[in-house]
Amino acid sequence: MGQESFIYSFVARGTMVLAEYTEFTGNFPAIAAQCLQKLPSTNNKFTYNCDHHTFNFLVEDGYAYCVVAKESVSKQISIAFLERMKTDFKKRYGGGKADTAAAKSLNKEFGPIIKEHMQYIIDHADEIEKLLKVKAQVSEVKSIMLENIDKAVERGENLTILTNKAEDLRDSAQQYKKKGTQIRRKMWYQNMKIKLVVGGILILLILIIWLSICQGFNCTN
């Protein structure tokens, strides 16, 4: 990645540019300023393409960090530069100085710092690319692991539901078994009662027949 990879960069509070740096002439600052006016205020990263260049923005807590790069520079490298610049800017001016600074009043202090960060990213582009790839792979593995964990948890919930249903069925079976035993016992008692009643009636009939034949209890004649 050559020296001309990064064309222009700035830090802005809202739409007010506090510090900027470029070694090139052209309409890049004007286009970047137009993009800045249209940026959403929410924390996010934005990239616009124009005339074989990318206009990359990092918006966070009311501040916008921008770098214009050649189209050949990957978006990840441009964002890596913005993250590095943002961290340094917040470290230097996070105490409140940037909150009240006038337009481009930090050029003298932070302009050369922007140049240093540009040079650092250019010199370590290959290392940063490899690091970003490793991070992406780690994130992918992490996402897969989390997805597998979610599936495992979901399966665990399903197993729990099945277990609960099995326990419910077992409880129901035990209740039915208990009720069946109670019914059988009740039927047995009823059968016994019927048998006793029938037996009593038969005995009574036999006794009546006996008495009618024998004319009393004397059946010796």
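Look up a bit, the structure's there.
Owing to the predicted nature of the structure, the values given are computational and were not obtained by experimental measurement. (Residues numbered from 1 in each chain as written. Predicted model: local features only at pLDDT ≥ 70, side-chain atom pairs only at ≥ 80, totals over all residues. Heavy atoms only, no water.)

Participant: Explain the sheet that holds strand E1 (residues 6-13) residue by residue, including any values.
Facilitator: Strands sit in the order E2-E1-E5-E4-E3 across an open sheet of five strands; the sheet is antiparallel. One side of each edge strand has no neighbouring strand; the edge strands of this open sheet are strand E2 (16-22) and strand E3 (44-50). Averaged over all neighbouring strand pairs, the angle between strand axes comes to 15°, with direction disregarded. As paired elements, E1 and strand E5 (residues 63-70) share seven bridges and run antiparallel to each other. Note on E5: the bridge partner recorded for valine 11 is tyrosine 65. Against the sheet, helix H2 (residues 75-93) makes contact with E1, E2, E3, strand E4 (53-60) and E5, and its axis sits at roughly 145° relative to E5, the strand it touches most. (Pairing = 2+ DSSP bridges. Helix = DSSP H or I, 4+ residues; strand = E, 2+ residues; numbered from the N terminus. Axes fitted to C-alpha atoms, helices over the stretch in contact; angles between N-to-C directions. Contact = heavy atoms within 4.5 Å.)

Participant: Could you give me a rundown of the pairing of E2, with the residues and numbers involved?
Facilitator: Pairing geometry for E1 and E2, over six bridges, is antiparallel. Counted as the bridge partner of serine 9 is tyrosine 21 from E2.

Participant: Tell me about the pairing of E5, residues and numbers included.
Facilitator: Both faces of the sheet carry side chains from a regular strand, because those side chains alternate between them. Extensive coverage of E5 is indicated by the burial of seven of its eight residues. Here eight bridges tie E4 to E5, and the two strands are oriented antiparallel to one another. Opposite leucine 58, over in E5, you have tyrosine 65 as the bridge partner. (Buried < 20%, exposed > 50% of the residue type's maximum accessible area, 1.4 Å probe, protein only.)

Participant: Got a sec to walk through the layout of surface pockets? Specific residues and values, please.
Facilitator: The calculated volume of the largest pocket comes to roughly 150 Å³. Contributions of two or more residues to the lining of the largest pocket are made by H2, helix H4 (107-123) and helix H5 (125-214). Its residues assigned to classes, the lining of the largest pocket shows seven nonpolar, one polar and two charged. (1 Å grid on protein atoms, 1.4 Å probe; cavity = no way out; pocket = protein on both sides within 12 Å on 5 of 7 lines; lining within 4 Å. Points joined across faces, edges and corners; volume = space filled by probe spheres on them. Nonpolar A, V, L, I, M, F, W, Y, C, P; charged D, E, K, R; others polar.)

Participant: Which residues make up the environment of alanine 33, and what are the values?
Facilitator: Within the secondary structure layout, alanine 33 lies in helix H1 (residues 28-38). Sequence separation of alanine 33 and phenylalanine 10 is 23 residues, and the distance between their C-alpha atoms is 9.7 Å.

Participant: Hey, could you go over the packing of H2 against H4 for me, with residue numbers and the actual values?
Facilitator: Contact geometry of H2 with H4 gives a least axis separation of 10 Å together with a crossing angle of 145°. Crossing of H2 over H4 shows right-handed handedness. Residues Ile77, Ala80, Phe81, Arg84, Met85, Asp88, Phe89, Arg92 and Tyr93 of H2 pack against Glu109, Phe110, Ile113, Ile114, His117, Met118, Tyr120 and Ile121 of H4. Here the contact of H2 with H4 is built from residues that sort into twelve nonpolar, one polar and four charged. (Left-handed = near helix turned anticlockwise from the far one by under 90°.)

Participant: Describe the pattern of salt bridges, with residues and values.
Facilitator: Under the counting rule described, the total for this entry stands at nine salt bridges. The shortest N-O distance in the salt bridge between arginine 92 and aspartate 88 comes to 2.6 Å. Separated by four residues within a single helix, arginine 92 and aspartate 88 lie in helix H2, roughly one turn from each other. One salt bridge connects lysine 97 with glutamate 109, and the closest N-O pair in it is separated by 2.9 Å. (Salt bridge = Lys/Arg side-chain N within 4 Å of Asp/Glu carboxyl O.)

Participant: Which residues make up the nonpolar core, and what are the values?
Facilitator: Core analysis: the largest hydrophobic core is formed by 28 residues, its most contacted members being Phe6, Tyr65, Phe81, Leu82, Met85, Phe89 and Phe110. Taken together, the elements giving at least two residues each to this core come down to E1, E2, E5, H2 and H4. The biggest single contributor to this core is H2, with seven residues. Residues Ile7, Ala12, Val17 and Ile31 belong to the second largest nonpolar core, which totals 18 residues. (Core = buried A, V, L, I, M, F, W, Y, C linked by side-chain atoms within 4.5 Å.)

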